[in-house]
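# Close look at the chain arrangement
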Amino acid sequence: MRDGFVKVAALTPAIRVADVDYNVDACVAAAREAAGEGARVIVLPELAITAYTCEDLFWQDALLDAAARGLARLVRETAALDALLLAGVPLRVNGKLYNCAAVASRGRLLGLVPKRNIPTYSEFYEGRHFCAGPAEVERLALGRLGLDVPATAGGEGGDPSGESFDDEVPFGSRLLFACDELPGLVVGAEICEDLWVPDPPSTALAQAGATLVCNLSASNELVGKADYRRGLVGSTSARLVCAYMYASAGWGESTQDLVFGGHDLVCENGRVLAETKPLADAGLARVGEGHAAVGASAVIDVQLLAADRRRMSTFETLSSPDDHGFAVVPFSLGVSETSLAGRPVDPHPFVPADRARRSERCEEIFAIQAHGLAKRLAHTRSRRAVVGVSGGLDSTLALLVMARAFDLLGLDRAGILAITMPGFGTTARTHDNARAMSEALGCELREISIAAGVRQHFADIGHDEADHSVTYENAQARERTQILMDVANQEGGLVVGTGDLSELALGWATYNADHMSMYGVNAGVPKTLVRHLVRYVADAAAAGGKAALGAGLGEEAVRNGAELARVLYDVLDTPVSPELLPATGDGKISQKTEDLVGPYELHDFFLYNVLRCGFGPAKVYRLALEAFGGRYASGTDADDAAVGTYDAEAVMKWLRKFYWRFFSQQFKRSCLPDGPKVGTVAVSPRGDLRMPSDAVCALWQRELEGL
């Protein structure tokens, strides 16, 4: 459970209608198997002890007496499991029948959560048998419930083992179950229909502190219902910023009029972490071999949920749940390392792994960038825009965005002034690509060498050209920016910035040079995503026709599609470099950015987990080892995207570098030009990152030193 990770399991055992002993055996077997695989919270379906489809048999005392005995046996026979268990059971309280979630751990019955919303419409007729449970929590005598089982811990004295037990159990929907060893794990429960109403109990539970909501359900299958159910569970987990487990009835329920598919889900803040396929055949093969079950298990991160709630100023919580009628029942779990095998760690968190989703994401980002720039051009009445094109990834993306922005405004692309400014480190490859790309897009191209101007500047300040120090490099970058700004003044246009999110996070930009522009279209796009955006356009250009037009390339680019695609693919194959140091003897790039600051796929991973998730250095390090430590033996992920493999020493080296640069370079981010936010991570000082420029990273570095 270190770092907030907890494995959970939503299970659907195969049961028999009204066969309580069989069903308890099935529930115990399923719970033991899940606990043996590391699950610490286990949820079983609604009325699993009797079956949901008993109908008027719920009026029979024989069934209800057996259910009470069955619950007691379930609690006793799962006492050895280091888990919190929730199971559905019908219970009589003060002469009425309630559909309850029984919550137990280590041989104790911790609480009974009754169903609040009783459906009596369409195929559901629960109101014939059950009453709506109270929200207010009261304590019920175990003897009056027919339960021969210990309940929550009581006062002093009593049990010879040294432990003492109450003879009462809390009953009501405003119950929370809080883990002593992991304060962020607070569990609430609701039952089936409770989720489907306008104001579900889970809303109040989450506001009272529940980070994990468990739904014990018996939801029958209809055409299209699984999609709706999945969306409902996922959106609820997003709205409540929680993890949500949904365990639904399945095989063994009566099929007299309905069929139950065993649709189990584990969601976290809008993401489906695990899911069973409704009406899947795989689980049925085991039915004849004894007790069978299907289920969805996953590792949730309650630490991440807590961080997301803190960040959302509009997520209102109760500072004292007790004062609002909630009862908090403690439970205990053994502290152990949670394997992350049930929670795949994405090495490229900014890039969707699914190809179709990635294409949709690329199109959406292009649209955001282009509309942002178009608005700025329209506001300033600019019919000209100036950009420095180097033949590298970032300036390529900026030029593509500019072309689309001009198309949106109905402006001639000849108004885009692409300037290539060869210097001491420019290679023929990047120079030629910059020219060919500008021509293929129908932009005006100018070439202005910076060599003479920089040499004059060296003479003016007394710098030896043979001294390839930071002054040598930055003088070139500032000369280029001066040219762009002055030409923009001449033309009455805007300078469009090319720097991306990853460079800004690392401060890999020359202050008041490429760091500065009049609108930075790439400021919200991380380097790993820049590459996919360019590839998206390259693929569309290569395909031609409707694909090219759909990617916003325009008629002229479509006509030059083959040439544009060739250039873009070559840009993608070119090493990332500022080209500020002289080329090698054979004309190759000598200065490779990732050799100096580290692999961008690592830094983007660090950036996402530090800024988006708020994780500390130790957790980021652990996740990085999980993502890059050799899981992808083939060197590619599930979608054939290249993934580097880094050992612990390399991860630690570049993580130290990340923190040092992130803190020390904040002064550059404090005065960034305007630019559009495109994702959940951004570093604008006017938006997502309001960080002092003189903050010290000693606290973070010390945590790394302790690993």
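Scroll up a little and you will see the structure.
Below is a short write-up of the structure.

### A few points about the packing of helix α1 (residues 20-36) against helix α2 (residues 61-77)
Here α1 crosses α2 at 25 degrees, and the two axes come no closer than 9 Å. One element, α1, and the other, α2, form an angle in the roughly parallel class. Regarding α1 and α2, the two cross each other, and that crossing is right-handed. Within the contact between the two elements, α1 uses V20, D21, V24, D25, C27, V28 and R32 and α2 uses L63, A66, A67, G70, R73, L74 and E77. Tallied by class, residues from the contact of α1 with α2 come to eight nonpolar, one polar and five charged.

### Some thoughts on the environment of T236
Mapped onto the fold, T236 is located in helix α5 (residues 225-239). Among the residues examined, T236 registers a relative accessible area of 4% and is labelled buried. T236 sits 34 residues away from S202 along the chain, and the two C-alpha atoms are 8.7 Å apart. When residues no more than four places from it in sequence are discounted, the contact partners of T236 are L195, S202, C242 and Y244.

### With respect to unusual backbone geometry
A positive phi angle, near 50 degrees, is found at N94, a position not held by glycine. Of note, N94 is situated in the loop between β3 (84-93) and β4 (96-105). Although it is not a glycine, N512 adopts a positive phi angle of roughly 60 degrees. If you trace the backbone, N512 turns up in the loop between α12 (501-506) and β20 (519-520).

### Some points on the sheet that holds strand β15 (residues 327-331)
One key point about sheets: their strands pair by backbone hydrogen bonds, in either a parallel or an antiparallel sense. Across the sheet, seven strands lie side by side as β13-β12-β11-β10-β9-β8-β15; this open sheet has mixed pairing. The sheet is open, and its two edges are formed by β13 (271-275) and β15, each paired on a single side. Recorded for the sheet is a direction-independent mean angle of 25 degrees between the axes of neighbouring strands. As judged from the five bridges shared by strand β8 (residues 175-179) and β15, these two strands associate in the parallel manner. Of the residues in β15, the one forming a bridge with F177 is V329. In the packing of α5 onto the sheet, the strands contacted are β11 (243-248), β12 (265-268) and β13, and the crossing angle to β12 comes to about 35 degrees.

Definitions and cut-offs
- Residues numbered from 1 in each chain as written.
- Predicted model: local features only at pLDDT ≥ 70, side-chain atom pairs only at ≥ 80, totals over all residues.
- Heavy atoms only, no water.
- Axes fitted to C-alpha atoms, helices over the stretch in contact; angles between N-to-C directions.
- Helix = DSSP H or I, 4+ residues; strand = E, 2+ residues; numbered from the N terminus.
- Parallel < 35°, antiparallel > 145°, perpendicular 65-115°, else oblique.
- Left-handed = near helix turned anticlockwise from the far one by under 90°.
- Contact = heavy atoms within 4.5 Å.
- Nonpolar A, V, L, I, M, F, W, Y, C, P; charged D, E, K, R; others polar.
- Buried < 20%, exposed > 50% of the residue type's maximum accessible area, 1.4 Å probe, protein only.
- Pairing = 2+ DSSP bridges.

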